[in-house]
Amino acid sequence: MSERPCPVINLDALNPRLITAPPDESPEKYQGAMVAPISPRIGAQKLGYNVTIVPPGKAAFPAHNHYGNEEMFLVLEGEGELRVGAERFPLRTGDVIACPVGGPETAHQIRNTSASTTLRYLAVSTMISPDLYQYPDSGKTGASHHLGRDEHGVPQAIRLRNREADNLGYWEGE
């Protein structure tokens, strides 16, 4: 029987890691963003938590929407901009953000708009698996099924990504 983790952790005890492992193939506008996982350290089972750290002028992730998982963000430090669909909203320390499930009209992205200050936010998500998602700016779609975490706490998953325009017909190749 495994020992239950302590259900409390202070943010200063987190170990941030780059979102993309080297060699970093992410576009320049995303490079340098870090994430500090929390949920595996405190024993969370149905919610995922992390602190996301975004350098000036960058975003951690492309605009995307989920069909399975709802997300919530709390700005801990800095300022930025939230994009939801075609709308944009200024962000500052203390702001709470809701990102419910839905189509491209709910696609969201948080960008650090500062030229010199880091943006830090707490991200909370339901952990429904499998999840379906879209990236409206690039026309990509995806699905993932989470398999747990490796020995370093890094999420492991089966992921599929494609472009909507490249989907195969149901009977193709049969």
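Here, the structure is the one placed above.
None of the values given here were measured: they were computed from a predicted structure. (Residues numbered from 1 in each chain as written. Predicted model: local features only at pLDDT ≥ 70, side-chain atom pairs only at ≥ 80, totals over all residues. Heavy atoms only, no water.)

Engineer: A description of the packing of aromatic side chains should follow, citing residues and the corresponding values.
Structural biologist: The final tally for this structure, using the stated rule, is three aromatic pairs. Ring geometry for Phe73 versus Tyr121: centroids 5.5 Å apart, planes at 85°, classification edge-to-face. Here Phe73 is found in strand β5 (residues 71-77), whereas its partner Tyr121 is found in strand β10 (residues 119-126), with 48 residues between them in sequence. Neither Phe73 nor Tyr121 differs from the other in exposure class; each is buried. Arranged with centres 4.7 Å apart and planes meeting at 90°, the rings of Tyr170 and Trp171 form a pair that is edge-to-face. On the basis of relative accessible area, Trp171 is assigned to the exposed category, the value being 66%. Across the ring face of Tyr135, the terminal group of Lys140 is positioned such that the distance to the ring centre comes to 4.9 Å. (Phe/Tyr/Trp six-rings, centres within 6.5 Å; stacked < 30°, edge-to-face > 60°. Helix = DSSP H or I, 4+ residues; strand = E, 2+ residues; numbered from the N terminus. Buried < 20%, exposed > 50% of the residue type's maximum accessible area, 1.4 Å probe, protein only. Lys NZ or Arg CZ within 6 Å of the ring centre and 35° of its normal.)

Engineer: Residues and numbers for the side chain of Asp131, please.
Structural biologist: For Asp131, the position within the fold is in strand β11 (residues 131-135). Although buried, Asp131 forms no salt bridge, and the nearest oppositely charged side chain, Arg159, lies 9.9 Å from it. Once you skip the residues sitting within four places of it in the chain, Asp131 turns out to touch His66, Tyr67, Gly68, Asn69, Gly142, Ala143 and Ser144. (Lys, Arg positive; Asp, Glu negative; His and termini not counted. Salt bridge = Lys/Arg side-chain N within 4 Å of Asp/Glu carboxyl O. Contact = heavy atoms within 4.5 Å.)

Engineer: Just give me the short version of the layout of surface pockets, but keep the residues and values in it.
Structural biologist: Of the voids in this model, the second largest pocket is the one considered here, and its volume is about 220 Å³. As for the second largest pocket, its lining consists of 13 residues, and the residues nearest its centre are Ala44, Gln45, Met127, Gly148 and Arg149. Residue assignment for the lining of the second largest pocket shows that the elements contributing at least two residues are α1 (39-42), β3 (47-54), β12 (140-149) and β13 (155-163). Per-element tally for the lining of the second largest pocket: the top contributor is β12, with three residues. Looking at the lining of the second largest pocket residue by residue, the class counts come to five nonpolar, seven polar and one charged. (1 Å grid on protein atoms, 1.4 Å probe; cavity = no way out; pocket = protein on both sides within 12 Å on 5 of 7 lines; lining within 4 Å. Points joined across faces, edges and corners; volume = space filled by probe spheres on them. Nonpolar A, V, L, I, M, F, W, Y, C, P; charged D, E, K, R; others polar.)

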